[in-house]
Amino acid sequence: SISSSPLDAAGGRVLLIHDMTEAYAMQRELQRHQRLSAMGEMAAGLAHQLRTPLATALLYASHLKKLDLPETERVRFADKVLARLRRLEHLIQDMLSFVKGEGGGQDLVRMSSVLVDLQQVMEPQMIERGLNFSIQDDGQGAAVLGSRKALTGALLNLLENAMQACSEGGRVSLKSEIGDDGQVLIVVADNGKGINVATQDRLFEPFYTTRTDGTGLGLAIVRGVAEAHRGSVQVKSAPGCGSEFILRLPKL
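This structure is a prediction, so every number in the text was calculated from the model and none was measured.

Chemist: Just checking my understanding: could you explain the overall build of the protein chain for this structure?
Modeler: On a plain count of helices and strands, the protein chain comes out with 6 helices and 9 strands. Taken across its 252 residues, the protein chain has 34% of its residues classed as buried. Across the protein chain, contacts joining residues at least 24 apart in sequence account for 68% of those joining residues at least 6 apart. As displayed, the protein chain has an accessible area near 15,300 Å², and 54% of this comes from carbon and sulfur atoms.

Chemist: Could you clarify how one ought to interpret the packing of helix α4 (residues 148-165) against helix α6 (residues 218-228) in this entry?
Modeler: How two helices pack is summed up by the angle between their axes together with the distance between the axes. At a minimum axis distance of 9 Å, the contact between α4 and α6 shows a crossing angle of 145°. With respect to the hand of their crossing, α4 and α6 are arranged in left-handed fashion. Between α4 and α6, the residues in contact are Ala-150, Leu-151, Ala-154, Asn-157, Leu-158 and Asn-161 and Gly-218, Leu-219, Val-222 and Val-225, respectively. The residue makeup of the contact of α4 with α6, split by class, is 7 nonpolar, 3 polar and no charged.

Chemist: Would you explain α6 in this entry?
Modeler: Residues three or four positions apart in an α-helix share a direction because the helix packs 3.6 residues into each turn. Listed as buried for α6 are Gly-218, Leu-219, Ala-220, Ile-221, Val-222, Val-225 and Ala-226. Positive backbone phi, at 60°, marks Arg-230, one or two positions downstream of α6.

Chemist: Could you clarify how one ought to interpret the packing of aromatic side chains in this entry?
Modeler: Geometry of an aromatic ring pair is reported as the spacing of the ring centres plus the angle between the planes. In total, this model carries 2 aromatic pairs according to the counting rule given. A centroid spacing of 6.5 Å and a plane angle of 80° characterise the contact between Phe-204 and Phe-245, whose relative ring orientation is edge-to-face. Residue Phe-204 is found in the loop between α5 (197-200) and α6, and its partner Phe-245 is found in strand β9 (residues 243-249); the two are separated by 41 residues along the sequence. Overall, Phe-245 belongs to the buried group, its relative accessible area being 7%. Above the plane of the ring of Phe-77 lies Arg-76, whose end atom (NZ or CZ) is 4.8 Å from the centre.

Chemist: Looking at this structure, how should I read the pairing of strand β2 (residues 13-17)?
Modeler: The side chains of a regular strand alternate, residue by residue, between the two faces of the sheet. Across 5 bridges, strand β1 (residues 2-6) lies against β2 in antiparallel orientation. Bridge pairing in β2 places Ser-4 opposite Leu-15. What sits between the antiparallel neighbours β1 and β2 is a turn of 6 residues, in which Gly-11 has the positive phi angle 100°.

Conventions adopted
- Residues numbered from 1 in each chain as written.
- Predicted model: local features only at pLDDT ≥ 70, side-chain atom pairs only at ≥ 80, totals over all residues.
- Heavy atoms only, no water.
- Helix = DSSP H or I, 4+ residues; strand = E, 2+ residues; numbered from the N terminus.
- Buried < 20%, exposed > 50% of the residue type's maximum accessible area, 1.4 Å probe, protein only.
- Contact = heavy atoms within 4.5 Å.
- Areas by Shrake-Rupley, 256 points an atom, 1.4 Å probe, with all protein chains shown as cover.
- Axes fitted to C-alpha atoms, helices over the stretch in contact; angles between N-to-C directions.
- Left-handed = near helix turned anticlockwise from the far one by under 90°.
- Nonpolar A, V, L, I, M, F, W, Y, C, P; charged D, E, K, R; others polar.
- Phe/Tyr/Trp six-rings, centres within 6.5 Å; stacked < 30°, edge-to-face > 60°.
- Lys NZ or Arg CZ within 6 Å of the ring centre and 35° of its normal.
- Pairing = 2+ DSSP bridges.

Structure follows, in structure tokens:
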């Protein structure tokens, strides 16, 4: 690093030369420790998430060894083992998605068509749970540059969370519009139980969840997808007043 300053009126200058080798080495070492710390936290979180479904699957599997077990019970325990194993598979898939990150991609993605896909997937589930589901497309045919699969997956995560937050008779909405800054806004809102401020501060942390059956990776993946598309995600919520998640993406 070189800096200079005037020496006198005759035009001379003083050059200060700093050897930054040690500072850069310390910076690299700090980054290495930060990565190791993050990996350790991630491994601890994953181990915690895996332990319960694995222990449950082992318990149900042990019942299958009983020779006098009625056939109906055997089938019931087998179904429970499969359910726990599928949960483990889902958790590992979420973990891989989080670790690899979802690239922004280079596809032209029209948000109106993404909304149609989301309606086809989520509407039957909303009806089954007795929820009112509405979609409003005010995006004026807007398109973004990115990965259709990643964006659809992120929005599915938000819609599933909204569905879980509502009781029967609740409302979930999905809306696309153009913001004042020209960005594409995708808003997922519900009138569920809402989220307190302390929880909001940690919502997008990996493995943080308030649900007993949650992996704690869904919203971390949503944030990763938003950032990979040069966008952002924010939440507006208050206890008892529902929640609103806003995905902002650069418009083509």
